[in-house]
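Close look at the chain arrangement
Below are the chains, spelled out letter by letter.
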Amino acid sequence: MNEKTIEDIKPTNENRVFIGIDPGKSGGFGVIKIEDGIESSYAYKFPKDINDLPTMLLANIPIDLSMENVHVMIEHVHAFPGQGSVSTFSFGQNLGQWEGVLASNELHPTYVSPRKWMCEFIELGLEKKTRKRKLYGKAKDLFPNIKVTFNISDALLIAQYAYDEYYKEILNGSAASQ
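The text that follows walks through the structure, step by step, so that each part is easy to find. (Residues numbered from 1 in each chain as written. Predicted model: local features only at pLDDT ≥ 70, side-chain atom pairs only at ≥ 80, totals over all residues. Heavy atoms only, no water.)

1. A short note on the overall build of the protein chain
Put simply, the test is: Secondary structure elements follow DSSP: runs of H or I no shorter than four residues count as helices, runs of E no shorter than two count as strands, and numbering proceeds from the N terminus. Burial classes: relative accessible area under 20% of the type maximum marks a residue as buried, over 50% as exposed, and values in between as partly exposed (1.4 Å probe, protein chains only). We call two residues in contact when some of their heavy atoms are within 4.5 Å.
Helices and strands together make up the secondary structure of the protein chain, namely 6 helices and 5 strands. When the helices and strands of the protein chain are placed in sequence order, the string is α-β-β-β-α-β-α-β-α-α-α. Burial statistics for the protein chain: of 178 residues in total, 40% are counted as buried. Taking as baseline every contact in the protein chain between residues at least 6 positions apart, the subset at least 24 positions apart corresponds to 63%.

2. A short note on the packing of aromatic side chains
Put simply, the test is: Stacked, tilted and edge-to-face are the three classes assigned to paired rings of Phe, Tyr and Trp, where Trp is represented by its six-membered ring and a pair needs centres within 6.5 Å; plane angles under 30 degrees give stacked, over 60 edge-to-face, the rest tilted.
Considering all chains together, one arrives at 10 aromatic pairs under this definition. Geometrically, the ring pair formed by Phe-29 and Tyr-44 is stacked, given 4.9 Å between the ring centres and 25° between the ring planes. Highlighted residues: Phe-29 in strand E2 (residues 28-35) and Tyr-44 in strand E3 (residues 38-45), separated in sequence by 15 residues. Between Tyr-136 and Phe-150, the ring centres sit 4.3 Å apart and the planes meet at 20°, which makes this aromatic pair stacked. With a gap of 14 residues between them, Tyr-136 in helix H5 (residues 128-142) and Phe-150 in helix H6 (residues 150-176) connect regions that are remote in the sequence.

3. Observations regarding H5
The α-helix winds at 3.6 residues per turn, so residues separated by three or four positions along the chain end up facing the same way. Filter applied, for reference: By this rule the span expected of a helix is its residue count minus one, scaled by 1.5 Å. Pairs of N or O atoms within 3.5 Å make up the polar contacts considered here, provided that, within protein, one atom can donate a hydrogen while the other can accept it, and that residues adjacent in sequence are counted only when both atoms are side-chain atoms.
Under the 1.5 Å per step criterion, the end-to-end length of H5 is 21 Å for 15 residues, consistent within 8% with the ideal 21 Å. Of the residues that open H5, the one with a side-chain oxygen 3.1 Å from the backbone nitrogen of Lys-129 is Glu-127.

4. Examining the pairing of E3
Our working definition: For two strands to be treated as a pair, DSSP must find at least two bridges joining them.
Bridge count for E2 against E3 is 8 bridges, and the pairing is antiparallel. Counterpart to Glu-35 in the pairing with E3 is Ile-38.

5. Focus on the sheet that holds strand E1 (residues 16-22)
Where we set the bar: Note on geometry: axes are C-alpha line fits, over the in-contact stretch for helices, and angles between N-to-C directions span 0 to 180 degrees.
As summarised here, the arrangement of the 5 strands in space is E3-E2-E1-E4-E5, forming an open sheet in which the pairing is mixed. Looking at which strands have only one partner, the edges of the open sheet turn out to be E3 and strand E5 (110-112). Ignoring which end each strand starts from, the neighbouring axes of this sheet average 20° apart. Note that strand E4 (residues 70-75) and E5 share 3 bridges and pair parallel. For Glu-75, the partnering residue across the bridge sits in E5 and is Val-112.

6. Looking at the nonpolar core
Convention followed: As used in this record, nonpolar core signifies buried Ala, Val, Leu, Ile, Met, Phe, Trp, Tyr and Cys residues forming a set joined through side-chain atoms within 4.5 Å.
By size, the foremost hydrophobic cluster in this structure holds 26 residues, and its most contacted members are Phe-18, Trp-117, Phe-121, Leu-135 and Tyr-167. Listed by contribution, the elements that provide at least two residues to this core are helix H1 (6-9), E2, helix H4 (114-118), H5 and H6. Broken down by element, the residue count for this core peaks at 10 residues, all from H6. Setting aside residues up to four positions removed in sequence, Trp-117 forms contacts with Glu-75, Val-112, Leu-135, Asp-154, Leu-157, Ile-158 and Tyr-161. Listed in part, the 18 residues of the second largest apolar core include Val-17, Ile-61, Leu-65 and Ile-74.

7. Concerning the environment of Glu-99
Note on placement: Glu-99 falls in helix H3 (residues 85-104). For Glu-99, a relative accessible area of 32% corresponds to the partly exposed category. Along the chain, Glu-99 and Ile-74 lie 25 residues apart, while their C-alpha atoms are 9.3 Å from each other.

8. Looking at the pattern of salt bridges
Put simply, the rule is: Basic side-chain nitrogens of Lys or Arg form a salt bridge, by our definition, when they fall within 4 Å of a carboxyl oxygen of Asp or Glu.
Using the criterion set out here, one finds 5 salt bridges in the structure. Lys-134 is the partner of Glu-123 in a salt bridge, and the nearest nitrogen-oxygen pair spans 3.1 Å. Of this pair, Glu-123 sits in the loop between H4 and H5 while Lys-134 sits in helix H5, placing them 11 residues apart in sequence. You can call Glu-123 partly exposed: its relative accessible area is 43%.

What follows is the structure, given as structure tokens:
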């Protein structure tokens, strides 16, 4: 019995967008865009001016693409013990801004815990600096066409995770129906 891969089941004329969001103040968003089966990827730092966010986001979604074909995944994080109230407030504010922009454009995100998406790319339990370096390295490997920085590496990997999960679900569904 031959095992199918994601590449085997992906339509060649597909139009779809995967957006990964790291909602931290120094985060951003990564995009994997498929137009007529051709993939391209982009990444953006969270803008200094929040008013630029909707334009930046929507510029990556083809105007004639149904929002059903836009898959948004946002990292679901929370305040940590010992984190200052100012940084906790800033983080909550960024997340709220993302949620507002997404909702106003009828985009419905899926939330994913850091632990869940990270374990697809690196081993868990690493010290923060080591973990960040490994994630950065993985993003550089997966997206050689992008000048990857620490600010956007997580967002790119979240977009990749959304892409992988979408096609795994189809693959598992098509395997179950055979």
